[in-house]
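Analysis of the macromolecular model
Here are the chains, one letter per residue:
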Amino acid sequence: MFEFLFKRPGDKPAGPQGAASEQSVAAGNSAGQGNQQAQARRAEQAAQAKALAGNEAAAVELILRSEFAEVRLAAAEHVQAQPLLEQVQQAMRNTDRRVAKLMQSRLDALRHQQAEQRQAEASIAQAQKLLQDEKLTPNQVADLDRQWQVIAAGSVLSERFGAERRPWRRASKPRSACSAP
């Protein structure tokens with residue numbers, strides 16, 4: 001009844017318990033080898049993620065086939081193109097939330113930038129239309145200036161808007177009280 005108290009660490013139990021113990025030791029050894037293989041795969045995939053250097057197609061491929069979350073996230077840093085962002089976001093939606101959130105935030109930023117560019121082009125078109133208008137009023141110019149102030153457009157669009165805006169800068173300035181007849 002109290003045999004468990006008198007066991008020594010090197011003793012092997014006899015009978016079916018001994019066979020089960022040997023099987024568990026063998027399973028532990030194979031699990032250790034499996035863990036070593038997983039660590040080797042992780043290290044190899046992490047090295048691949050570091051070596052991507054902006055290769056978006058390879059990054060997407062690595063994200064889709066990797067079983068390690070850290071590797072997927074490291075590879076996701078290299079994806080910038082909208083179609084690839086959408087592909088990865090769809091694939092990782094239910095698998096890896098960090099990668100899916102990163103892709104969604106980049107998609108949102110890209111869409112916001114595209115919307116600002118469309119708005120800037122519309123403002124430039126409106127400025128060109130105002131140039132052709134014979135009865136230009138200062139409030140039209142002021143409205144256009146207010147619209148342009150909320151746009152964070154690139155330097156090329158800013159230069160185009162400035163070129164369109166130059167001819168009526170003088171016309172849009174209010175007259176001072178001293179210059180009244």
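Residues numbered from 1 in each chain as written. Predicted model: local features only at pLDDT ≥ 70, side-chain atom pairs only at ≥ 80, totals over all residues. Heavy atoms only, no water.

Moving on, we get to the overall build of the chain. Along its length, the chain carries eight helices and zero strands. Sequence-ordered secondary structure for the chain, helices as α and strands as β, is α-α-α-α-α-α-α-α. Counting every position in the chain, which comprises 181 residues, the buried fraction comes to 24%. Within the chain, residue pairs in contact and separated by at least 24 positions form 58% of the contacts whose partners lie at least 6 positions apart. Total accessible area computed for the chain in this model is approximately 12,900 Å², and 53% of it derives from carbon and sulfur atoms. (Helix = DSSP H or I, 4+ residues; strand = E, 2+ residues; numbered from the N terminus. Buried < 20%, exposed > 50% of the residue type's maximum accessible area, 1.4 Å probe, protein only. Contact = heavy atoms within 4.5 Å. Areas by Shrake-Rupley, 256 points an atom, 1.4 Å probe, with all protein chains shown as cover.)

It is worth spelling out the nonpolar core at this point. General note: in soluble globular proteins, nonpolar side chains tend to be found buried as a group. By size, the foremost hydrophobic cluster in this structure holds 19 residues, and its most contacted members are I63, V79, V88, V99 and M103. Secondary-structure elements contributing two or more residues to this core are α2 (56-65), α3 (69-76), α4 (82-92) and α5 (97-132). The dominant element in this core, judged by the number of residues it contributes, is α5, at five residues. Among residues more than four places away in sequence, those in contact with I63 are R72, A75, A76, V79, V88, M92 and V99. Listed in part, the nine residues of the second largest apolar core include I124, W148, I151 and L157. (Core = buried A, V, L, I, M, F, W, Y, C linked by side-chain atoms within 4.5 Å.)

Attention shifts here to the environment of A120. Along the polypeptide, A120 turns up in helix α5. Note on A120: relative accessible area 0%, which makes it buried. Taking the C-alpha atoms as reference, A120 lies 8.8 Å from Q147; in sequence the two are 27 residues apart.

A few words now on α2. All buried positions along α2 are accounted for by A59, V60, L62 and I63. On an axial view of α2, the arc spanned by its buried residues comes to 165°, and they lie on one face. Opposite its buried face, α2 presents the exposed residues A57 and E61, each directed more than 90 degrees away. (Arc of directions from axis to C-beta.)

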